[in-house]
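An overview of the molecular structure
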Amino acid sequence: MLLLAFESSAAAASVALTEDGELRAQSFQRTGLTHSATLMPMAEDLLKNAGFDV
């Protein structure tokens, strides 16, 4: 099973992709409290870099 996880509880934001419990990709960005503008582009880039069509 694929799992796309978002973390947005602090000034830094992160996105991670796991498959069957194994980490496949992760992204971290510390740009302040701009998560509403940064999380979705981060997820899109992460998925593209992991080989998924977005």
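Scroll up to find the structure this text is about.
A few points on the structure. Computed from a predicted model, the values in this text were never measured in an experiment.

Reading the values: rules and limits
Residues numbered from 1 in each chain as written. Predicted model: local features only at pLDDT ≥ 70, side-chain atom pairs only at ≥ 80, totals over all residues. Heavy atoms only, no water. Helix = DSSP H or I, 4+ residues; strand = E, 2+ residues; numbered from the N terminus. Expected span 1.5 Å × (residues − 1). Buried < 20%, exposed > 50% of the residue type's maximum accessible area, 1.4 Å probe, protein only. Arc of directions from axis to C-beta. Contact = heavy atoms within 4.5 Å. Core = buried A, V, L, I, M, F, W, Y, C linked by side-chain atoms within 4.5 Å. Salt bridge = Lys/Arg side-chain N within 4 Å of Asp/Glu carboxyl O.

Okay, helix 1 (residues 35-49) next. Taking 1.5 Å as the rise per residue, helix 1 with 15 residues should run 21 Å; its terminal C-alpha atoms sit 20 Å apart, in good agreement. Three or more residues of helix 1 are buried, namely His 35, Thr 38, Leu 39, Met 42, Ala 43, Leu 46 and Leu 47. Summarising the axial view, the buried residues of helix 1 lie within an arc of 155 degrees, below the 170-degree limit, and thus occupy one face. More than 90 degrees from the buried face of helix 1, the exposed residues found are Ala 37 and Met 40. If you follow the buried residues of helix 1, they end up packed against strand 1 (2-7), strand 2 (13-19) and strand 3 (22-29). Following helix 1 by one or two positions, Gly 51 adopts a phi angle in the positive range, close to 95 degrees.

With that settled, consider the nonpolar core. The biggest cluster of nonpolar side chains holds nine residues, and these are Ala 13, Val 15, Leu 17, Ala 25, Leu 39, Met 42, Ala 43, Leu 46 and Leu 47. Of all elements in the fold, only strand 2 and helix 1 reach the threshold of two or more residues within this core. Considering each element in turn, this core owes the most residues, five residues, to helix 1. In this view, Leu 47 contacts Leu 4, Leu 17, Phe 52 and Val 54; residues no more than four positions away in its chain are not counted.

Let us look at the environment of Gln 29. Here Gln 29 lies in strand 3. Gln 29 sits in the partly exposed class, given a relative accessible area of 28%. Excluding its chain neighbours within four sequence positions, the residues that come into contact with Gln 29 are Ala 11, Ala 12, Ala 13, Thr 38 and Met 42.

Attention now moves to the pattern of salt bridges. Throughout the structure, instances matching the rule amount to two salt bridges. A salt bridge links Glu 19 to Arg 24, with the nearest nitrogen and oxygen atoms 2.8 Å apart. Judged by relative accessible area, Glu 19 falls into the partly exposed class, the value being 31%. Taking the relative accessible area as the measure of exposure, Arg 24 reaches 40% and is therefore partly exposed. Among the salt bridges present, the one from Glu 44 reaches Lys 48, with a minimum N-O distance of 3.5 Å. Separated by four residues within a single helix, Glu 44 and Lys 48 lie in helix 1, roughly one turn from each other. You can call Glu 44 partly exposed: its relative accessible area is 32%.

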